[in-house]
Amino acid sequence: MSETIVVMGGGVVGLSCAFELQRRGHQVTVLEINSCGGQASGAAAGMLAPYSENMEGADPFFGLCLQSLQRYPAWQAAVKDASGQQFEYTESGSLYIAYHDADLLALEGRLRWQRQFGSSGVVLEGDELFRLEPGLSRDVRAALYTPEESHLYAPHYVKALEEGCRRIGVQIYEQLEQLAIEEFAGEVLIAAQDGRRFNGDKLLVCSGAWAAELEAAFGIRIPVYPIRGQICAYHTAGMTAVNHMVFSSQGYLVQKENGTLVCGASEDIAGFDTSVTERGIDRLRRWNKRVFPFLTEVEPFHRWAGLRPSTQDGLPLIGALPNANRVVFAAGHYRNGILLSPATAELAACYIEGREPAAFTQAFDPARFGAVAR
């Protein structure tokens, strides 16, 4: 049955959910206090790398990330088709590097469990590794090569999502500054600071690092905190090309089609401050030249920061509220909003439409932290 859905938040998760729900025949309205994609979404490096970024084992979070990676070929094609816009989507594969024999053993252990979940990865050493990535430091002992991983150019992807939403009929309102939930029992009613009111049958909360402000409204703890992620980029003209996403224990490097090499991410707690600090960028520069020595003599031409919504336990909040059957959450994706956008959109639609989700998704219950103390 078609319903009217109000989505709070116009980041990549909110736009993805709106895109999916509108395609399913619902009428969707997106409410954004600033500009769509203006925080974590537009600042992200756009890596789709669940194997490289999940080291411990096949927990529910890895399962959701892997499911999302598998959806990406069809998903990105649908976004391009709906929006009429192109964006970089590169199936580059990844390398997770190690410098010592002890680290090599860890890579081999990770590969053993990842092969049970679709990875065709292999541990590479010596000439075989340097043929794949010639610019790597010869101090690198080995790397786990995972061909299945990919990346996209996040700013263009988010713009295409927004345009795709608009073209298929999603109503998007930006620069609303502040939103208040006036009703969510008999109907959904949201008030903007300028006096406008928006109503619907269901409410989907995708407000990222601002979700914690809704604790009082819903009576549950919502421990979502903004983590500042700082990133820098280098011009690659005249440099050795970087052919894969390259991860280390310190961060990542990925080369984009526009000729830039992106390095991230230096993270710290700074509230909602998105300013760039010398300390944060220096941290990136100290380790990245150990990966690619050609970075020793060059300066980054661009530096930026975004806010990443991190929950207390590191897992996103995705699901319906038990005490509010008109409210669904899809927030707190930390540094994985881009990767998780298609799978979250599918899962949110499942809850909105009252279908039974997969059992493993119970780990993301938005009410799992308990009630607000009164």
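Here is a short report on the structure shown in this document. (Residues numbered from 1 in each chain as written. Predicted model: local features only at pLDDT ≥ 70, side-chain atom pairs only at ≥ 80, totals over all residues. Heavy atoms only, no water.)

Taken in spatial order, the eight strands of this open sheet run 6-7-5-15-16-17-14-18, and their pairing is mixed. Looking at strand neighbours, the two that pair on one side only are strand 6 (122–125) and strand 18 (302–311), the edges of this open sheet. Averaged over all pairs of adjacent strands, the angle between their axes in this sheet comes to 25°, without regard to strand direction. In this structure, strand 16 (residues 251–255) lies alongside strand 17 (residues 260–268), joined through four bridges in antiparallel fashion. Its bridge partner being in strand 17, Y252 is matched across the sheet by G264. Contacting strand 5 (94–98), strand 6 and strand 7 (142–146), helix 5 (residues 101–114) crosses the sheet at an angle of about 15° to strand 7. Packed onto the sheet, helix 9 (residues 278–291) meets strand 5, strand 14 (224–235), strand 15 (245–248), strand 16, strand 17 and strand 18 and runs at close to 125° relative to strand 17. (Pairing = 2+ DSSP bridges. Helix = DSSP H or I, 4+ residues; strand = E, 2+ residues; numbered from the N terminus. Axes fitted to C-alpha atoms, helices over the stretch in contact; angles between N-to-C directions. Contact = heavy atoms within 4.5 Å.)

Let us look at the pattern of salt bridges. The full count for this structure, using the stated rule, is 23 salt bridges. Taking the shortest distance from any N to any O, the salt bridge between E346 and R24 comes out at 2.7 Å. On the criterion of sequence distance, the pair formed by E346 in helix 10 (residues 337–352) and R24 in the loop between helix 1 (12–23) and strand 2 (27–31) is long-range, its members being 322 residues apart. Across the pair E162 and R166 runs a salt bridge, and its minimum N-O distance is 2.8 Å. You can see E162 and its partner R166 sitting in helix 7 (residues 154–167), four residues apart, about one turn around the helix. For R166, a relative accessible area of 34% puts it in the partly exposed group. Here the salt bridges share partners, and the residues they tie into one network are E20, R23, R24, E346, E353 and R355. (Salt bridge = Lys/Arg side-chain N within 4 Å of Asp/Glu carboxyl O. Buried < 20%, exposed > 50% of the residue type's maximum accessible area, 1.4 Å probe, protein only.)

The terminal C-alpha atoms of helix 5 lie 20 Å apart, and with 14 residues this matches the ideal 20 Å at 1.5 Å per residue to within 8%. Among all positions in helix 5, only L104, L107, R110, L111, W113 and Q114 are buried. Those residues of helix 5 that are buried are in contact with helix 3 (50–53), helix 4 (60–83), strand 5, strand 6 and strand 7. (Expected span 1.5 Å × (residues − 1).)

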